[in-house]
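Spelled out, the chains give:
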Amino acid sequence: MQKPLEKKKYLTSVTLIRGIAAMAVCLFHFSKGIIERASVSDVFMPYAWVGVEIFFVISGFVIPYALLRLPFKTKHYGGYLLKRLVRIEPAYLTSIALVLFLNYVSSLFTIYKGAPFSVSGNNILLHLGYLVDFFDGEWLNPVYWTLAIEFQYYLLIGFLLILWNRNNNFMTIISFIAFLALSFWPQEAVGLFKHTDIFSIGIICAFYKKEYLKKSHFLFIVAIIGAIIFYHHSYVIGVLSVGATLGIAFLDSIKNFNWLIFFGNISYSLYLIHVPIGGRVINLGKRLDGGYLSQVLIILIAVIVSVLAAWLFYICIEKPSHRWSRKIRLKVN
């Protein structure tokens with residue numbers, strides 16, 4: 001008799017951190033969009049841009065956490081990838097359509113300042129395959145480049161999980177080191193290689209939560225990878241990547257933060273549409289000849305509008321894709 005692979009345990013810490021990261025990215029984009037004085041913008045949200053890297057840490061964690069210690073084999077790879085595509089593609093493709101629609105509608109009004117509306121069929125096709133960076137295309141939404149990195153990670157981590165679930169400690173260690181070592185590839189390279197160190201710190205957290213590692217060994221490895229991230233990126237990314245990893249590892253029991261759980265639940269939708277939705281509030285807000293407080297108010301309005309739009313997007317588009325993805329079962333004998 002066949003039965004589905006074991007479901008992963010829900011971790012509140014992951015949802016909380018995901019919500020914080022999504023809000024941080026929103027505030028960074030909105031503050032940079034309207035506050036022209038760099039010093040003021042840096043004070044308002046100095047390190048919010050690292051929310052992107054925090055998403056990489058979370059992605060590094062969640063897939064191994066779901067599939068480690070399971071009989072995940074080569075025959076399951078196609079089903080695994082299909083589940084990921086069903087989970088992420090409907091929202092991604094709908095957001096592309098939304099961007100194109102809003103770009104067209106905005107171009108009809110002289111009050112909106114921006115480039116004339118234009119559509120390149122070739123560029124759209126590159127978006128469908130997450131290939132824009134490899135063919136000198138232009139992302140329709142500035143956050144999409146991170147989704148390309150994530151998609152490359154999904155492709156590779158599936159093969160690594162097949163290997164890691166064979167319970168061969170030597171091959172697991174060697175392959176993990178090889179994955180981490182890809183981050184030493186020349187930094188001008190595009191794609192996943194530049195960020196495997198950040199994904200790796202999330203992966204090692206999954207190994208710890210699945211009880212492959214003792215706490216002392218886990219903390220030692222996290223310190224090493226944190227140093228590598230600092231070397232390749234910056235101390236800010238290093239410190240916050242380590243902090244996010246420790247938060248995932250040790251804050252499971254955190255409570256009374258339902259509002260952050262809400263942001264965590266809608267984080268993917270918010271990430272996808274905050275620029276085309278909230279960005280237009282910022283664009284219109286620039287018409288006001290106000291000072292710093294006025295700019296902050298406009299940012300808050302942009303956040304509120306984006307969150308409401310993301311909630312509707314989550315209910316109508318993303319949540320159904322969750323259900324569809326769960327219906328795809330990876331069967332074991």
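Per chain, the residues get numbers from 1 upward, laid out in the order the sequence is written. Local features in this predicted model are restricted to residues whose pLDDT is 70 or higher, and side-chain atom pairs enter the listing and the counts only when it is 80 or higher, whereas totals over whole chains, interfaces and linings include all residues. Hydrogens and water are ignored here; the side-chain numbers use all heavy atoms of the structure.

Draft legend 1. Structural view of the overall build of the protein. The secondary structure content of the protein amounts to 13 helices and two strands. Throughout, a residue-residue contact means that at least one pair of heavy atoms, one from each residue, lies within 4.5 Å. Once local pairs closer than 6 in sequence are excluded, the contacts in the protein between residues at least 24 apart make up 79%. Every accessible area reported is derived by Shrake-Rupley at a probe size of 1.4 Å, with residue values counting cover from the shown protein chains alone. Surface accessibility of the protein: about 16,700 Å² in total, with carbon and sulfur atoms responsible for 66%. Counting from the N terminus, the helices are the DSSP runs of H or I reaching at least four residues and the strands are the DSSP runs of E reaching at least two.

Draft legend 2. Quick look at the packing of aromatic side chains. Centres within 6.5 Å make a pair out of two Phe, Tyr or Trp rings, where for Trp the six-membered ring is used; the pair is then stacked when the planes are under 30 degrees apart, edge-to-face when over 60, and tilted otherwise. In the structure shown here, the tally under the stated rule is 23 aromatic pairs. A ring pair is formed by Trp164 and Phe207, whose centres lie 5.2 Å apart and whose planes are at 65 degrees; its orientation type is edge-to-face. Separated by 43 residues along the polypeptide, Trp164 in helix 6 (residues 144-164) and Phe207 in helix 8 (residues 196-209) bring together distant segments of the chain. In this pair, the class of Trp164 matches that of Phe207, namely buried. Put simply, the rings of Phe56, Trp145, Tyr153, Tyr154, Phe179 and Phe199 pair up and form one aromatic cluster. The ring of Tyr212 has Arg69 sitting right over it, with the charged end atom 4.2 Å from the ring centre. As a reminder, the over-ring test applies to NZ of lysine and CZ of arginine, requiring each to be within 6 Å of the ring centre and within 35 degrees of the ring normal. In this arrangement the basic side chain of Lys210 is found over the ring face of Tyr65, its NZ or CZ atom lying 4.9 Å from the centre. Burial classification: accessible surface area is computed with a 1.4 Å probe over protein chains only, and a residue below 20% of its type maximum counts as buried, one above 50% as exposed, and the rest as partly exposed.

Draft legend 3. Summary view of the pattern of salt bridges. The rule for a salt bridge is simple: a side-chain nitrogen of Lys or Arg has to be within 4 Å of a carboxyl oxygen of Asp or Glu. All told, the structure shown has one salt bridge when counted by the stated rule. Note that Glu318 and Arg87 form a salt bridge whose closest N and O atoms lie 3.1 Å from each other. In this pair, Glu318 is assigned in helix 13 (residues 292-326) and Arg87 in helix 4 (residues 77-107), connecting sequence segments 231 residues apart. For Glu318, a relative accessible area of 1% translates into the label buried.

Draft legend 4. The arrangement of helix 12 (residues 267-285) in detail. When the local axis directions of helix 12 are compared, the greatest deviation, roughly 60 degrees, occurs at His274, which is followed within four positions by the proline Pro276. In terms of burial, helix 12 is largely enclosed, as 15 of its 19 residues are buried. Here the bend at a residue is taken as the angle between two axes, fitted respectively to the seven residues that end there and the seven that start there.

Draft legend 5. Layout of the nonpolar core. Buried Ala, Val, Leu, Ile, Met, Phe, Trp, Tyr and Cys residues form a nonpolar core when they are joined through side-chain atoms within 4.5 Å. Judged by nonpolar contacts, the single largest core of 97 residues is most densely connected at Phe61, Ile63, Tyr80, Tyr144, Tyr153, Ile157 and Trp164. Per element, the largest residue contribution to this core is 13 residues, and it comes from helix 6. Residue contacts for Ile157: discarding those within four places in its chain leaves Ile63, Pro64, Tyr80, Trp164 and Ile203.

Draft legend 6. Representation of a nonpolar patch on the surface within the structure. Together, Tyr104, Leu108, Phe109, Ile111, Phe117, Val119 and Leu284 make up a nonpolar patch on the protein surface, roughly 680 Å² of accessible area in all. Mapping Leu108 onto the fold places it in the loop between helix 4 and helix 5 (121-128). Patch rule: a residue counts if its relative accessible area is over 30% and it has no salt bridge; like charges are joined within 9 Å, and nonpolar side chains (Val, Leu, Ile, Met, Phe, Trp, Tyr) within 5 Å.

Draft legend 7. Fine view of the confidence of the model for the protein. Known as pLDDT, the predictor's per-residue confidence is scaled from 0 to 100. With 88% of its residues at a pLDDT of 70 or more, the protein has an overall mean of 87. Across the protein, element-level confidence peaks in helix 8 with a mean pLDDT of 97 and bottoms out in helix 2 (residues 38-44) with 47. This model gives residues 37-41 a pLDDT under 50, and the stretch forms six contacts once residues within four places in sequence are excluded.

Draft legend 8. Just the environment of Ser306, in detail. Examined against the element boundaries, Ser306 turns out to sit in helix 13. Looking at Ser306, the relative accessible area reads 1%, which means it is buried. With 32 residues separating them along the chain, Ser306 and His274 place their C-alpha atoms 5.2 Å apart. Discounting chain neighbours no more than four positions away, the residues touching Ser306 are Phe30, Leu270, His274, Ile277 and Gly278. Any pair of nitrogen or oxygen atoms within 3.5 Å is treated as a polar contact; in protein, a donor-acceptor pairing is required on top of that, and neighbouring residues in sequence qualify only through side-chain atoms on both sides. Within the local environment of Ser306, its side chain forms a polar contact with the backbone nitrogen of Gly278, the two atoms lying 3.2 Å apart. Only 2.7 Å separates the side chain of Ser306 from the backbone oxygen of Ala302, close enough to count as a polar contact.

Draft legend 9. Just unusual backbone geometry, in detail. For Tyr130, which is not glycine, the phi torsion reads 55 degrees and is therefore positive. Topologically, Tyr130 is positioned in the loop between helix 5 and helix 6. Exposure remark for Tyr130: the relative accessible area of 4% places this residue in the buried category. Although it is not a glycine, Asn167 sits at a positive phi angle of roughly 60 degrees. On the secondary structure map, Asn167 appears in the loop between helix 6 and helix 7 (169-181).

Draft legend 10. Structural view of the packing of helix 8 against helix 9 (residues 215-232). Put simply, helix 8 and helix 9 touch, their axes get as near as 9 Å, and they point 175 degrees apart. The orientation of helix 8 with respect to helix 9, classified from their angle, is roughly antiparallel. Residues Asp197, Ile198, Ser200, Ile201, Ile204, Cys205 and Tyr208 of helix 8 form the contact with helix 9, whose participating residues are Lys215, Phe218, Ile221, Val222, Ile225, Gly226, Ile228, Ile229 and His232. Residue classes in the contact of helix 8 with helix 9 are distributed as 11 nonpolar, three polar and two charged. The axes used here are C-alpha line fits, helices contributing only the stretch in contact, and every angle between their N-to-C directions lies in the interval 0 to 180 degrees. Put simply, angles under 35 degrees are roughly parallel, angles over 145 are roughly antiparallel, angles from 65 to 115 are roughly perpendicular, and the rest are oblique. Side-chain classes follow a simple rule in which Ala, Val, Leu, Ile, Met, Phe, Trp, Tyr, Cys and Pro form the nonpolar group, Asp, Glu, Lys and Arg form the charged group, and the remainder, Gly included, forms the polar group.

Draft legend 11. Structural view of helix 11 (residues 258-265). Three or more residues of helix 11 are buried, namely Leu260, Phe263 and Gly264. Projected onto a plane normal to the axis of helix 11, the buried residues spread over an arc of 105 degrees and lie on a single side. Facing away from the buried side of helix 11 by over 90 degrees, the exposed positions are Asn258 and Trp259. The directions considered for the arc are those from the helix axis to the C-beta atoms.

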